[in-house]
Amino acid sequence: MLIVSSDAHRAHHAVELDTGELIPSWEHPGRADAVSAAVAGADLGTMVGPDPLDRSLVDRVHDPVYVEFLETAHERWVAEGHRAPGAMGFAWPARGAASPDRRPDDLLGQLGWHSFAADCSIVAGTWAAAADAAACAQTAADAVDLAAGAESSAFALCRPPGHHAGVDTFGGYCYLNNAAIAAQRLLDRGATRVALVDVDFHHGNGTQELFSDRDDVAFCSIHGDPTWAFPWFSGHAGETGVGAGEGFTLNLPLDRGATLEVWLDALGGGLDWVRGHGCDALVVSLGVDTFEGDPISEFALGTDDFPAVGAALAGLGLPTVLVLEGGYATDELGANVAGVLTGFATTAAASI
Ligand code: Q9C
Ligand code: ZN
């Protein structure tokens, strides 16, 4: 398994508004460093840096106006003389009350226009980190053999994560949707349909938005039920895709406290659904915030449970790109991610 990572993430350390307080983000540089150390120690494969980012790939996944906004927002923030290190909006176009398609000219207005949550800000290093994370996903997607099975796999050690980033919005610690970029790259390389399985604790609302009207990506997400879990406004079982994409989205919301047994039962149903959709490659949005010790999530998987997650995913027998998403229990994060990857690699090797 090729491992793709970059050090550019270290300059992205942002603040978040958490229950009325501005705090250092739960999504911090120590996360990627912990994953990197554990993956290196697990001897899973060669570690490389990313190839240069293909901007046209990013511009086909996201609105190019949004990508340009992300790239320039911090320099505009500095030029306007704001004191805070991170650019963050504080007013959003509310449901039912906003003029459609009237993007404001002003930076603070655009920060609200292009975000859906105040849990991330844009600091000096954010664009470089997000662009390199996307490049890691692109490079991992280029590394798998589309004629092979699960024995051909790559892991993109992305930070910041991506699955909450939509067509033209950031939020949930995500700016560019790394997993969607990997899926689009696999399609561009000749895959006819890509399965995108999101095992992060949170609903992959950005990924769902990007692909909901398309039939070339089958998207399945297992997550805390949006009646009580972030991002609250999507991820219900009734959301199954729209137009040509009807039937190509599957949401599996679960109650608080899901154990491995409950959670794997849902994943099994999701993987059976994927098997019925004729996919020739797999992208995994790999969040391990399903961990029982995660400080901001409410499922109950143990460190010893994660290899079974990887093994189940490898059971699809597809060439696979695993993309790092969430996981905030920094002390156990490396072991939990390495556990998934080891379970995946062991099962994939046994199936040849
Ligand atoms: N009180 C991912 O896992 N903010 N994003 C939580 C905590 C939202 C999680 C605030 C969590 C976003 C990629
Ligand atoms: Zn998450």
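Provided above is the structure to which this section pertains.
Notes on the structure follow. (Residues numbered from 1 in each chain as written. Chains lettered and ligands numbered in written order. Predicted model: local features only at pLDDT ≥ 70, side-chain atom pairs only at ≥ 80, totals over all residues. Heavy atoms only, no water.)

## Quick word on the overall build of the chain
Assigned secondary structure in the chain consists of 10 helices and 10 strands. Here the C-alpha atoms of the chain give a radius of gyration of 19 Å, agreeing with the 20 Å that 2.2 N^0.38 yields for 352 residues. Each principal axis of the C-alpha distribution contributes one length, and for the chain these read about 60 × 45 × 40 Å. A buried classification covers 57% of the 352 residues belonging to the chain. Residue pairs in contact within the chain that sit at least 24 positions apart in sequence constitute 77% of those at least 6 positions apart. Each charge class in the chain was averaged separately, 16 positive and 48 negative side chains, and the resulting centres sit 7 Å apart. (Helix = DSSP H or I, 4+ residues; strand = E, 2+ residues; numbered from the N terminus. Rg over C-alpha atoms; globule rule 2.2 N^0.38 Å. Buried < 20%, exposed > 50% of the residue type's maximum accessible area, 1.4 Å probe, protein only. Contact = heavy atoms within 4.5 Å. Lys, Arg positive; Asp, Glu negative; His and termini not counted. Charge placed at Lys NZ, Arg CZ, Asp CG, Glu CD.)

## Notes on the coordination of the zinc ion (ligand 2)
Every protein donor of the zinc ion (ligand 2) is accounted for by Asp200 (OD), Asp200 (OD), His202 (ND1) and Asp289 (OD), and the metal-donor separations fall at 1.9 to 2.7 Å. Taken in sequence order, the residues that donate to the zinc ion (ligand 2) follow the motif D-x1-H-x86-D. With histidine 202 in the loop between strand 6 (194–198) and helix 7 (205–211) and aspartate 289 in the loop between strand 9 (281–286) and helix 9 (306–314), this residue pair connects regions lying 87 residues apart in the sequence. Histidine 202 gets classed as buried once you look at its relative accessible area, which sits at 7%. On the basis of relative accessible area, aspartate 289 is assigned to the buried category, the value being 0%. (Donors = N, O, S within 2.8 Å, 3.2 Å for Na, K, Ca; no water.)

## Some remarks on the packing of aromatic side chains
Across all of its chains, the model carries six aromatic pairs by this definition. Relative to tyrosine 328, the ring of tyrosine 173 has its centre 5.5 Å away and its plane inclined at 70°; by these criteria the two rings are edge-to-face. Of the two residues, tyrosine 173 sits in the loop between strand 5 (153–156) and helix 6 (178–188) while tyrosine 328 sits in the loop between strand 10 (320–324) and helix 10 (330–350), which places them 155 residues apart along the sequence. Residue classification places tyrosine 328 among the buried positions, given a relative accessible area of 6%. (Phe/Tyr/Trp six-rings, centres within 6.5 Å; stacked < 30°, edge-to-face > 60°.)

## Some points on the site of ligand 1
Taken together, 16 residues lie around ligand 1, and Asp18, Asp119, Gly172, Asp289 and Tyr328 are the ones closest in. In this structure, a nitrogen atom belonging to ligand 1 sits 3.3 Å away from a side-chain N or O atom of histidine 164. Tyrosine 328 places a polar side-chain atom, nitrogen or oxygen, 2.6 Å from an oxygen atom of ligand 1. Contact with the protein chains hides 87% of the accessible area of ligand 1, taken as 410 Å² for the molecule alone. Spatially, ligand 1 is embedded in the largest pocket. (Near = heavy atom within 4 Å. Polar contact = N/O pair within 3.5 Å; in protein donor to acceptor, adjacent residues only side chain to side chain. Areas by Shrake-Rupley, 256 points an atom, 1.4 Å probe, with all protein chains shown as cover. 1 Å grid on protein atoms, 1.4 Å probe; cavity = no way out; pocket = protein on both sides within 12 Å on 5 of 7 lines; lining within 4 Å. Sits in = over half its atoms within 2 Å of the grid points.)

## Focus on unusual backbone geometry
In this structure, proline 160 follows arginine 159 across a cis peptide bond, with omega equal to 5°. Within the secondary structure layout, proline 160 lies in the loop between strand 5 and helix 6. Cis geometry is adopted by the peptide bond preceding proline 231, which originates at phenylalanine 230 and carries an omega value of 5°. Among the secondary structure elements, proline 231 is positioned in the loop between strand 7 (217–224) and strand 8 (249–254). The backbone phi angle of aspartate 101 is positive, close to 60°, even though this residue is not glycine. Given the relative accessible area of 70%, aspartate 101 is considered exposed. Positive phi values are uncommon outside glycine, yet tyrosine 173 reaches one of about 75°. Residue class for tyrosine 173 comes out buried when judged on its relative accessible area of 6%.

## A look at the packing of helix 8 (residues 260–275) against helix 9
Packing of helix 8 against helix 9 brings their axes to within 11 Å, and their N-to-C directions diverge by 15°. Compared by their axis directions, helix 8 and helix 9 come out roughly parallel. Two packed elements cross with a definite hand, and for helix 8 against helix 9 that hand is right-handed. Contacts between helix 8 and helix 9 pair Leu260, Trp263, Leu264, Leu267 and Leu271 from the former with Ala308, Val309, Ala312 and Leu313 from the latter. Of the residues that constitute the contact of helix 8 with helix 9, the class distribution is nine nonpolar, no polar and no charged. (Axes fitted to C-alpha atoms, helices over the stretch in contact; angles between N-to-C directions. Parallel < 35°, antiparallel > 145°, perpendicular 65-115°, else oblique. Left-handed = near helix turned anticlockwise from the far one by under 90°. Nonpolar A, V, L, I, M, F, W, Y, C, P; charged D, E, K, R; others polar.)

## Things to note about the side chain of histidine 12
Along the chain, histidine 12 falls in the loop between strand 1 (2–4) and strand 2 (15–18). A polar side-chain atom of histidine 12 sits 2.9 Å from a polar atom in the side chain of threonine 126. With sequence-adjacent residues up to four places away left out, histidine 12 is seen in contact with Glu27, Pro29, Ser121, Val123, Gly125, Thr126, Ala129, Arg159, Pro160 and Tyr175.

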